[in-house]
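In case you want the letters, here they are:
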Amino acid sequence: MHKWHPVDRHISNKFVFHRDLLVDSGNRRLAGLLQPGKSLEAKLLAVSTDAEKIYAGGYWDNSFRVFALNATTDLSRLKHIPAHYGVVTCLHLDATGEHLITGSADTTCKIWEASTLSESSKALQTLYGHDDEVSCVAISSEYDMAVSGSKDGTVNIHTVRKGLFMQSLQLPKEFSSSQLTAKEIQIASLGHIIVYTEETSTTSSQTMNCLLRYSINGHFLDRLKLDKQVISTPLVTAHEYLIYGTTTEDQCGNLYVREIHRFTRISRLAMRKPVRSVSIAYSFMTKKHSHILVGLEDAPSMMIVVTRRSEPEIRNPVIAVF
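Residue positions are given per chain, counting from 1 as you read along its sequence in written order. With the structure being a predicted model, the display of local features is reserved for residues of pLDDT at least 70 and the display and counting of side-chain atom pairs for 80 or more, all residues being used for whole-chain, interface and lining totals. To get the side-chain values, all heavy atoms of the structure are used, and hydrogens and water are removed first.

S.K.: I'd like a description of the overall build of the protein, backed by residues and values.
M.R.: Secondary structure elements follow DSSP: runs of H or I no shorter than four residues count as helices, runs of E no shorter than two count as strands, and numbering proceeds from the N terminus. Counting its secondary structure elements, the protein contains 0 helices and 25 strands. Residues classed as buried in the protein amount to 49% of the 322 residues present. Contacts were defined at the residue level, with two residues in contact if any of their heavy atoms lie within 4.5 Å. A sequence separation of at least 24 residues applies to 41% of the contacts in the protein between residues at least 6 apart. When the accessible area of the protein is evaluated, it comes to approximately 16,400 Å², of which 50% is carbon and sulfur surface. Note on classification: 1.4 Å probe, protein chains only; a residue is buried when its accessible area is under 20% of the maximum for its type, exposed when over 50%, partly exposed between these limits. Under the convention used here, a 1.4 Å probe and the Shrake-Rupley method define accessible areas, while residue burial counts only the protein chains that appear.

S.K.: Outline the pattern of salt bridges, supporting the account with residue identities and numerical values.
M.R.: Salt bridge, as applied in this entry: a Lys or Arg side-chain nitrogen positioned within 4 Å of an Asp or Glu carboxyl oxygen. Within the structure shown, the criterion is met by 8 salt bridges. Asp144 serves as the salt-bridge partner of Arg161, at 3.2 Å between the closest nitrogen and oxygen. One end of the pair, Arg161, is in the loop between β11 (155-158) and β12 (165-168); the other, Asp144, is in the loop between β9 (134-140) and β10 (145-150), and 17 residues separate them in sequence. Here Arg161 falls in the exposed class, since its relative accessible area comes to 56%. One salt bridge connects Glu297 with Arg276, and the closest N-O pair in it is separated by 2.4 Å. Residue Glu297 is found in the loop between β23 (288-296) and β24 (302-308), and its partner Arg276 is found in strand β22 (residues 275-283); the two are separated by 21 residues along the sequence. A network of salt bridges, in which partner residues are shared, links Glu174, Arg223 and Lys225.

S.K.: For the sheet that holds strand β5 (residues 88-93), give the residues involved together with the corresponding values.
M.R.: Pairing within the open sheet is antiparallel, and its 4 strands lie in the order β5-β6-β7-β8. Two strands lie at the open edges of the sheet, namely β5 and β8 (125-127), each paired on one side alone. Recorded for the sheet is a direction-independent mean angle of 20 degrees between the axes of neighbouring strands. Following DSSP output, two strands are said to pair if at least two bridges run between them. Bridge count for β5 against strand β6 (residues 99-104) is 5 bridges, and the pairing is antiparallel. Note on β6: the bridge partner recorded for Cys90 is Gly103. What counts as an axis is a line fitted to C-alpha atoms, over the stretch in contact for a helix, and the angles between N-to-C directions run from 0 to 180 degrees.

S.K.: Before we move on, can you summarise the environment of Asp227 with the specific residues and values?
M.R.: Mapping Asp227 onto the fold places it in the loop between β16 (220-226) and β17 (229-231). Between the C-alpha atoms of Asp227 and Thr207, which are 20 residues apart in sequence, the distance is 10.0 Å.

S.K.: Could you give an account of the side chain of Ser121, naming the residues involved and the relevant values?
M.R.: Tracing the backbone through its elements, the reader meets Ser121 in the loop between β7 (109-113) and β8. Ser121 gets classed as buried once you look at its relative accessible area, which sits at 15%. For Ser121, the side chain forms a polar contact with the main-chain nitrogen of Ser118, separated by 2.6 Å. Pairs of N or O atoms within 3.5 Å make up the polar contacts considered here, provided that, within protein, one atom can donate a hydrogen while the other can accept it, and that residues adjacent in sequence are counted only when both atoms are side-chain atoms.

S.K.: Can you tell me about the packing of aromatic side chains, naming the residues and giving the values?
M.R.: Stacked, tilted and edge-to-face are the three classes assigned to paired rings of Phe, Tyr and Trp, where Trp is represented by its six-membered ring and a pair needs centres within 6.5 Å; plane angles under 30 degrees give stacked, over 60 edge-to-face, the rest tilted. The final tally for this structure, using the stated rule, is 3 aromatic pairs. Both rings, one in Phe64 and one in Trp112, keep their centres 5.2 Å apart while their planes meet at 70 degrees; by these two values the pair is edge-to-face. Of this pair, Phe64 sits in strand β3 (residues 63-68) while Trp112 sits in strand β7, placing them 48 residues apart in sequence. For the pair shown, Phe64 and Trp112 are each scored as buried. Measuring from centroid to centroid gives 5.4 Å for Tyr244 and Tyr256, while their planes differ by 20 degrees, and the two rings are stacked.

S.K.: Outline the pairing of β16, supporting the account with residue identities and numerical values.
M.R.: Here strand β15 (residues 207-214) runs beside β16; their pairing, made up of 6 bridges, is antiparallel. Each residue of the ladder has a partner; that of Asn209, found in β16, is Leu226. Counting the residues that bridge the hairpin from β15 to β16 gives 5 residues, and of these Gly218 lies at a positive phi of roughly 90 degrees.

S.K.: Which residues make up the pairing of β5, and what values do they have?
M.R.: Of all 6 residues in β5, 6 are buried; the element is thus mostly enclosed. Between β5 and β6, which pair antiparallel and follow one another directly, the connecting turn spans 5 residues, one of which, Gly97, has a positive phi of 80 degrees.

S.K.: Give me the environment of Gly86: which residues, what numbers.
M.R.: Of note, Gly86 is situated in the loop between β4 (76-82) and β5. Here the alpha-carbon distance between Gly86 and Asp106, two residues 20 residues apart in the chain, equals 4.7 Å. Once residues lying within four places of it in the same chain are set aside, the contact partners of Gly86 are Asn62, Ser104, Ala105 and Asp106.

S.K.: Which residues make up the nonpolar core, and what values go with them?
M.R.: Counting 19 residues, the largest nonpolar core has Val147, Val155, Leu169, Ile185, Ile193 and Val195 as its most contacted members. Leave out the neighbours within four places in its chain, and Leu169 touches Val155, Ile157, Ile193, Val195, Tyr214 and Gly218. By nonpolar core we mean a set of buried residues, namely Ala, Val, Leu, Ile, Met, Phe, Trp, Tyr and Cys, connected to one another through side-chain atoms within 4.5 Å.

Shown next, in the form of structure tokens:
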């Protein structure tokens with residue numbers, strides 16, 4: 001990564017990066033062969049809370065792997081954990097860093113104790129209930145909740161500690177005959193569950209993409225239809241806000257910030273390329289989420305400075321030069 005500078009050098013909350021000298025060596029890449037036809041995407045990656053490890057799935061041997069992330073050494077593989085009977089299709093690390101959940105093409109999910117992982121580790125829980133490939137997962141030790149979505153259109157809730165099945169969410173449909181897939185899931189504040197679905201009519205070429213919100217008890221609360229836009233990043237939550245990136249029909253993108261309550265739009269920032277990843281930077285000095293890192297397709301990434309006046313807004317994009 002090259003050095004980053006703010007476009008406006010007079011802003012108070014600057015965010016500066018320096019180039020990683022090991023990038024050119026090729027040793028900062030995740031090693032191993034992915035499942036044929038599988039590409040590395042954000043839902044297959046997680047970073048530990050201490051920023052010292054990367055968890056990665058999608059490998060041909062149905063494992064997930066743990067890599068050491070150190071600023072002064074090569075990106076080396078620490079552990080290789082046999083996980084499922086099918087390829088690991090998604091994974092998610094709890095906010096505390098205590099538990100990791102993996103979803104697989106074998107239709108199951110497994111919960112792991114992240115801090116004690118070894119090549120002989122056994123899953124704490126194995127979760128069942130889907131009839132097709134698991135497409136997204138989320139976990140929260142705070143709410144004792146593991147949520148998984150599948151290509152079969154089901155979204156299941158289990159407990160983390162005992163692996164007990166609690167319920168399946170009822171996903172609303174737009175068409176009388178359609179294929180519904182849960183694409184992304186996030187557990188937000190107060191235990192609210194945010195689900196992004198894609199629905200395709202089986203009798204026509206129509207599609208409908210929606211954001212859904214459920215209470216911690218699984219009660220349906222809100223639905224937002226997305227007009228001609230596809231969410232192309234994992235859902236990110238910060239306090240009462242939901243952040244995600246989209247891809248439009250003309251292969252551009254947008255970065256959205258919405259209130260979780262009723263999905264009220266706070267901000268939309270247009271991009272010239274599809275948005276592929278979004279993450280939030282937390283400042284330990286101010287104790288706030290201060291920046292949004294946005295990864296674009298075949299384009300420089302952007303750093304968005306989050307400021308507050310009368311209401312939250314996004315301004316001052318910072319572009320890295322690669």
